[in-house]
Amino acid sequence: MPTIVLHQPQDLVNIAAAVRAMANMGLERLTLVDPAEFDPWRITGIAHRTEPIVEAARLADTLEEALADATYVVGTSARPRTAQRNYRRPRELAPRILRRAASGNVAIVFGREDRGLSNEALDLCHEVMVIPTAPGYPSLNLAQAVLLVSYELFLAGEGTPDELPTGRRSLGPATTAELEEMFVALEAGLDRAEFFKARKAESVMRIVRTVFGRTGLDAHEARLIASIGYQVRNRLERLEGQRSAAPEATGPDNRT
């Protein structure tokens, strides 16, 4: 697992936010180099449930000390410097970082908030990761940078979930039979509402099928829409029945 190295962080809140980002993306190894402030109790108070990361965090006086046992070091920079270096994008580097971490100690180094990593610090790095940003505003908050890099590592890892979470009431994709029942119910409701009075039912329902064909309805959703169609039809039928059963109004009595 890669180690996140924060070089001379100045703000304890930024440290806490970086730790929270690490926890969100499954990273656990943290090294702090000469932090301006380090208070584990306050950090975990800001970044809840991150005690294992903070308690295991390593403190180092110099960057050389922090990287002494690293076999592969990636620095981060907001922009390319004048010196020629091995600049890479996060998405390109993420798989390489994970491969190298499987057989050695890998460190990803982030600089202090106000000026990033110095050229001397970058000299200790094998490659430099540059996060793309909009023109004219390249600098990222420390915790934002940690989150973005951690996210790219998470995506590149084997543990990335393939599917998004589904609602608790999801019943899986609707079957053809369930979709056909839905279309029948919708057509019945629209017919009872006289929607087809000036339109061809076949053309309207073809468009409806096309629209719903793009949505990927699940079974619960298809049943709900079918219920709407049936409810519209049944409600209008009851209203028509009530009008038919009502006695005809009589006119005024003209008898003298």
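That block above? That's the structure.
Residues numbered from 1 in each chain as written. Predicted model: local features only at pLDDT ≥ 70, side-chain atom pairs only at ≥ 80, totals over all residues. Heavy atoms only, no water.

A.B. asks: Sorry, what's going on with the overall build of the protein here?
C.D. replies: Across its full length, the protein holds ten helices and seven strands. Counting the 256 residues in the protein, one finds 35% classified as buried. Within the protein, contacts between residues separated by at least 24 positions form 81% of all contacts whose residues are at least 6 apart in sequence. Accessible surface computed for the protein: about 16,100 Å², of which carbon and sulfur atoms make up 52%. (Helix = DSSP H or I, 4+ residues; strand = E, 2+ residues; numbered from the N terminus. Buried < 20%, exposed > 50% of the residue type's maximum accessible area, 1.4 Å probe, protein only. Contact = heavy atoms within 4.5 Å. Areas by Shrake-Rupley, 256 points an atom, 1.4 Å probe, with all protein chains shown as cover.)

A.B. asks: It is not clear to me how the packing of helix α8 (residues 176-192) against helix α10 (residues 219-245) should be interpreted in this structure. Could you clarify?
C.D. replies: Helices that pack against each other are described as a pair by the angle of their axes relative to one another and the distance between those axes. The geometry of α8 relative to α10 is characterised by a closest axis approach of 8 Å and an angle of 25° between their N-to-C directions. Comparing their axes, α10 and α8 come out roughly parallel. Classified by chirality, the crossing of α10 by α8 is left-handed. Across the interface between the two elements, E178, L179, E181, M182, A185, L186, A188, G189 and R192 from α8 touch A219, A222, R223, I225, A226, G229, Y230, V232, R233, L236, E237 and E240 from α10. Residue composition of the contact of α8 with α10, by class: twelve nonpolar, two polar and seven charged. (Axes fitted to C-alpha atoms, helices over the stretch in contact; angles between N-to-C directions. Parallel < 35°, antiparallel > 145°, perpendicular 65-115°, else oblique. Left-handed = near helix turned anticlockwise from the far one by under 90°. Nonpolar A, V, L, I, M, F, W, Y, C, P; charged D, E, K, R; others polar.)

A.B. asks: What's the story with helix α1 (residues 12-24) in this structure? I'm lost.
C.D. replies: Working note: α-helix, 3.6 residues per turn, so residues spaced by three or four point in the same direction. In a regular helix each residue adds 1.5 Å, so 13 residues correspond to 18 Å; α1 covers 18 Å between its end C-alpha atoms and thus fits that length. Burial in α1 covers these residues: L12, N14, I15, A16, A18, V19, A21 and M22. Buried residues along α1 sit in contact with β1 (3-7), β2 (29-33), α2 (40-46), α3 (51-56) and α7 (142-156). Backbone geometry just downstream of α1 places G26 in the positive-phi region, at approximately 80°. (Expected span 1.5 Å × (residues − 1).)

A.B. asks: Teacher, can you tell me more about a nonpolar patch on the surface here?
C.D. replies: Taken together, the side chains of L224, I228 and V232 define a hydrophobic patch exposed on the protein surface, amounting to about 250 Å² of accessible area. Mapped onto the elements, L224 comes out in helix α10. (Patch = residues over 30% accessible without salt bridge, like charges linked within 9 Å, V, L, I, M, F, W, Y side chains within 5 Å. Salt bridge = Lys/Arg side-chain N within 4 Å of Asp/Glu carboxyl O.)

A.B. asks: I would appreciate a short explanation of the sheet that holds strand β7 (residues 127-130) in the present structure.
C.D. replies: Paired through their backbone hydrogen bonds, the strands of a sheet run either parallel or antiparallel. Taken together, seven strands build an open sheet; the order of strands is β3-β2-β1-β6-β4-β7-β5 and the sheet is parallel. The strands lining the two open edges of the sheet, one partner per strand, are β3 (58-60) and β5 (87-88). Running at roughly 160° to β2, α1 makes contact with β1 and β2 of the sheet. (Pairing = 2+ DSSP bridges.)

A.B. asks: In this structure, what is going on with the packing of aromatic side chains? I would like to understand it.
C.D. replies: Given two aromatic rings, their pairing is described by the distance between the two centres and the angle made by the two planes. Applying the stated criterion across every chain yields a total of two aromatic pairs. Of note, R199 hangs over the ring of F195, and the distance from its end group to the ring centre comes to 4.1 Å. (Phe/Tyr/Trp six-rings, centres within 6.5 Å; stacked < 30°, edge-to-face > 60°. Lys NZ or Arg CZ within 6 Å of the ring centre and 35° of its normal.)

A.B. asks: What is the right way to read the nonpolar core from this model?
C.D. replies: One finds I4, L6, L30, I97, F110 and V146 to be the most contacted residues of the largest nonpolar core, which totals 33 residues. Secondary-structure elements contributing two or more residues to this core are β1, α1, β2, α3, β4 (72-77), α5 (90-101), β6 (106-110) and α7. It is α1 that provides the largest number of residues to this core, a total of seven residues. Formed by 16 residues, the second largest nonpolar core is a distinct cluster that contains V5, A60, L117 and V128. (Core = buried A, V, L, I, M, F, W, Y, C linked by side-chain atoms within 4.5 Å.)

A.B. asks: Mind showing me how you'd approach helix α9 (residues 201-213) here?
C.D. replies: The end-to-end C-alpha separation of α9 is 18 Å, in line with the 18 Å expected for 13 residues at 1.5 Å each. Taken together, the buried positions of α9 are occupied by V204, M205 and V208. Within α9, the buried residues cover an arc of 90° as seen down the axis, which keeps them to one side. Of the exposed residues in α9, those oriented more than 90 degrees away from the buried face are E202, I207 and G213. The secondary structure elements touched by the buried residues of α9 are α8. (Arc of directions from axis to C-beta.)

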